[in-house]
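Below are the chains, spelled out letter by letter.
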Amino acid sequence: MKKIYSVAVDGPSGAGKSTLAKAIARELGIVYVDTGAMYRSIGLHIREKGIDPQDAAAVIAALPEIHIDMDYSDDGTQHMYLGGRDVSTEIRLPEISMYASHVSAIPQVRAFLMEMQRSIAREKSVIMDGRDIGTVVLPDADVKIFLFADVKVRALRRMKELEERGTPKSYDEVLQEMEQRDYQDSHRETAPLRPADDAIMVDTSDLDFAGSRDLLLDVIKGSVGQ
Ligand code: DC
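Below is a short write-up of the structure. (Residues numbered from 1 in each chain as written. Predicted model: local features only at pLDDT ≥ 70, side-chain atom pairs only at ≥ 80, totals over all residues. Heavy atoms only, no water.)

### Here's the deal with the environment of Pro-139
Put simply, the test is: Secondary structure follows DSSP: runs of H or I at least 4 residues long count as helices, runs of E at least 2 residues long count as strands, and numbering of each begins at the N terminus. Residue exposure (1.4 Å probe, protein chains only): buried if accessible area is under 20% of the type maximum, exposed if over 50%, otherwise partly exposed. Contact criterion: two residues are considered in contact whenever any of their non-hydrogen atoms come within 4.5 Å of each other.
Following the sequence through the fold, Pro-139 ends up in the loop between α6 (133-137) and β7 (143-148). A relative accessible area of 40% places Pro-139 in the partly exposed class. For the pair Pro-139 and Ala-25, spaced 114 residues apart in sequence, the C-alpha to C-alpha distance is 20 Å. Apart from the residues within four sequence positions on either side, Pro-139 is in contact with Arg-118, Ile-133, Gly-134 and Lys-144.

### Some words on the pairing of strand β1 (residues 6-10)
Selection criterion: Pairing between two strands is assigned when DSSP locates at least 2 bridges connecting them.
Among the five residues in β1, five count as buried, and that is most of the element. Side chains Ser-6, Ala-8 and Asp-10 of β1 all project onto a buried face; the interleaved residues Val-7 and Val-9 project onto the opposite face, where all are buried too. Inspection of the sheet shows β1 paired to strand β6 (residues 126-130) by five bridges, in the parallel sense. For Ser-6, the partnering residue across the bridge sits in β6 and is Val-126.

### Some words on the sheet that holds β7
Within a sheet, neighbouring strands are paired by backbone hydrogen bonds and run either parallel or antiparallel to one another. What counts, and what does not: The axes used here are C-alpha line fits, helices contributing only the stretch in contact, and every angle between their N-to-C directions lies in the interval 0 to 180 degrees.
On the basis of which strands lie adjacent, the open sheet formed by five strands has the order β2-β6-β1-β7-β8 and parallel pairing. The two strands at the open ends of the sheet, each matched to only one other strand, are β2 (31-34) and β8 (200-203). On average, adjacent strands in this sheet sit at an angle of 20 degrees to one another, irrespective of strand direction. In the sheet, β2 pairs with β6 via four bridges, with the strands oriented parallel. Across the sheet, Val-31 pairs through a bridge with Val-126, a residue of β6. Helix-sheet contacts for helix α2 (residues 35-48) involve β2 and β6, and the interaxial angle to β2 is about 35 degrees. Its contacts with the sheet place helix α9 (residues 209-224) against β1, β6, β7 and β8, and it is angled at close to 165 degrees to β7.

### Digging into the site of the ligand
Put simply, the rule is: In this text, near means that some heavy atom of the residue lies within 4 Å of the molecule or strand in question. Throughout this description, a polar contact denotes any pair of N or O atoms lying within 3.5 Å of each other; where both atoms belong to protein, one of them has to be capable of donating a hydrogen while the other can accept it, and for residues adjacent in sequence the pair is counted only when both atoms sit in side chains. Values of accessible area rely on a 1.4 Å probe in the Shrake-Rupley scheme; residue burial ignores everything except the protein chains shown. Basically, the charged four are Asp, Glu, Lys and Arg, the nonpolar ten are Ala, Val, Leu, Ile, Met, Phe, Trp, Tyr, Cys and Pro, and anything else, Gly included, counts as polar.
Neighbouring the ligand are 16 residues, the closest being Arg-40, Arg-110, Arg-181, Asp-185 and Arg-188. Asp-132 is positioned with one of its side-chain polar atoms (N or O) 2.9 Å from a nitrogen atom of the ligand. One of the side-chain N or O atoms of Asp-185 is found 2.8 Å from an oxygen atom in the ligand. Considering the ligand on its own, with 450 Å² of exposed area, one finds that the protein chains cover 96% of that surface. Put simply, the parts of the chain that give the shell around the ligand at least two residues each are α2, α4 (94-103) and α8 (171-187). A per-element tally of the shell around the ligand places α2 first, with four residues. Along the lines of polarity and charge, the residues of the shell around the ligand split into three nonpolar, five polar and eight charged.

If you want it as structure tokens, here you go:
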């Protein structure tokens, strides 16, 4: 068994990445790193400053004033801090998703976060989820998983999640936003969402949580020899 290993999980939103990665991290006793939360924190800052997230020059000019930190509670939950303020809940607001997607298309924003992401994986075993983890951030990851599901299934899952959080939205609205974000995330020039050549493709459309978790655990244990 390797001392330190890394698992990269990429895929579109709503494929189940964060729920599954968090459960797997707990099972394997490793750290779950949610990189989307970092882009969301930048998106939140840009929104609070009243900056247009598509105005790359203005977003880049704001980067030096952005201080992002993260820590983990005992149950493995990742907390995000923006300038020392805990923004873990706020960054989940639906309007922040589009801000995160826009700012994440800017190469300087990606470079700003990449070293932070890599340094965590150098120090401890991680399961890191995002859009470009297996392709760009951790190209040498021990296991690469590309998680996907039919967009209609993903929209239904996201709709339920929003309902549970008390910020409901209609199915049509969720579906339309999801399609738009999929398009933006996979058609940008820098680090677009795509499977790494050596990624294991996992379709969760017809799998429930336990089924997906067990499948991924088998794949990971098989690869890192746990
Ligand atoms: O996973 P999420 O929905 O929290 O991510 C929010 C946005 O951040 C998503 O639309 C694309 C972007 N993102 C990215 O470009 N690269 C990552 N590694 C993670 C997220």
